[in-house]
Amino acid sequence: MPELPEVETVMRGLAPAMQGAVIAQADVNRPNLRWPFPVDMAERLTGQTVLQLRRRSKYILADLSSGESLLIHLGMSGRMLVSGDPLGQFVQEHPIAEKHDHVVFHMANGARITFNDPRRFGAMDLLDTATAAQHKLLAVLGPEPLGNDFHEAHLIAAFKGRNTPVKSALLDQRIIAGLGNIYVCEALYRAGIHPARKAGKLSRPRVAALVPIIREVLGQAIEAGGSSLKDFRQADGELGYFQHSFDVYGREGDPCRTPECTQVIKRIVQSGRSSFYCSQCQR
């Protein structure tokens, strides 16, 4: 499942072709993905100007001149690919339509944005821009980890009294929006915190130290274009590269990268997800 850096990368890749441009025609080629598309979605999108692209957690939001916003979730295998951009940001010719091209945006500037999703776990919805924050998918989300509302006091208060593992607490979207398994594993390694440690038992300084570390990990991942493990592609079709910088994720049995550490990376399963860590460096 794409996490915050991958979604941010896709959003930034779409901006040159979509932001400020008119959707000349929207093709909706099936009635649903994870859930049914909104009524008359193609008609409601056609002719609208994309005023702004933004990200909230793992969702992309396209604010339209109609006063509605298109909410996009990539799911497990969803891709948004740009072709034919006249601004020179993309070099791909328009590809031949594929079986899983479920939604296609033909932009008035000549670009085409194709939402391809073989597994159909992605989703789209149309919502009122003015009240978007109250949408059922967005209202429950915590602060953005790269935003001003995510700070030491927030995380300390959120962890206070919690008997859940710190790994689970960091994955709780009500505490921090957009964090996923990969980047939590990486952040905990850099912070020297074992993923099974109880969140409420961590000292205030150790919790506070997580804030800049989380920001650092996410920032580096965005700079590298995200992580491509299976299905993820950037908007220009290229792979992300942060997976080459993983310290622990997916490295079970490999040597720890901390100088002078003699241990190998271990893996445990927490709530059905793999956690990777070093037993010597993380306590």
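Residues numbered from 1 in each chain as written. Predicted model: local features only at pLDDT ≥ 70, side-chain atom pairs only at ≥ 80, totals over all residues. Heavy atoms only, no water.

1. Observations regarding the pairing of strand β9 (residues 266-270)
Cut-off, in case you're wondering: A pair of strands is labelled paired if DSSP reports no fewer than 2 bridges between them. Only runs of H or I of at least four residues qualify as helices and only runs of E of at least two qualify as strands under DSSP, and these elements are numbered from the N terminus.
In this sheet, strand β10 (residues 273-277) lies alongside β9 in antiparallel orientation, the contact comprising five bridges. Each bridged residue has a counterpart across the sheet, and for Lys-266 the counterpart in β10 is Tyr-277. In this structure, the hairpin formed by β9 and β10 is closed by a connection of two residues, where Ser-271 is found at a positive phi of approximately 50°.

2. Section: the nonpolar core
This is how the line gets drawn: We call a set of buried Ala, Val, Leu, Ile, Met, Phe, Trp, Tyr and Cys residues a nonpolar core when their side-chain atoms join them within 4.5 Å. Here's how the labels work: a residue is buried when its accessible area is under 20% of the maximum for its type, exposed when over 50%, partly exposed in between, all with a 1.4 Å probe on protein chains only.
One finds Leu-155, Phe-159, Leu-170, Leu-210 and Ile-214 to be the most contacted residues of the largest nonpolar core, which totals 41 residues. Of all elements in the fold, only α3 (152-159), α4 (166-171), α5 (181-191) and α6 (204-223) reach the threshold of two or more residues within this core. The greatest single-element share of this core, amounting to ten residues, is contributed by α6. Formed by 31 residues, the second largest nonpolar core is a distinct cluster that contains Ile-23, Leu-33, Phe-37 and Ile-60.

3. Quick look at the UniProt feature "domain: FPG-type" (unreviewed entry) in the protein
In plain terms, the rule: UniProt positions are given in the numbering used here, feature names are shortened, and annotations may be inferred rather than shown by experiment.
UniProt tags residues 247-283 as "domain: FPG-type" (unreviewed entry). In the segment residues 247-283, helix accounts for 0% and strand for 27%; the C-alpha atoms at its two ends are 16 Å apart.

4. Concerning the packing of helix α1 (residues 4-18) against α6
For the record, the criterion: Simply put, an axis is a line fit to the C-alpha atoms, just over the touching stretch for a helix, and the angle between two N-to-C directions goes from 0 to 180 degrees. Oblique is the label for every angle not falling under 35 degrees (roughly parallel), over 145 degrees (roughly antiparallel), or within 65 to 115 degrees (roughly perpendicular). A clockwise turn of the near helix away from the far one marks a right-handed crossing, whereas an anticlockwise turn of less than a right angle marks a left-handed crossing. Whether two residues are in contact is decided by their heavy atoms, any of which lying within 4.5 Å being enough. Amino acids outside the nonpolar list (Ala, Val, Leu, Ile, Met, Phe, Trp, Tyr, Cys, Pro) and the charged list (Asp, Glu, Lys, Arg) are all regarded as polar, and Gly is one of them.
Packing of α1 against α6 brings their axes to within 9 Å, and their N-to-C directions diverge by 40°. In terms of orientation, α1 lies oblique with respect to α6. Note that α1 runs across α6; the crossing there is right-handed. Touching Leu-4, Pro-5, Glu-8, Thr-9 and Arg-12 of α1 are Leu-218, Ala-221 and Ile-222, all from α6. Its residues assigned to classes, the contact of α1 with α6 shows five nonpolar, one polar and two charged.

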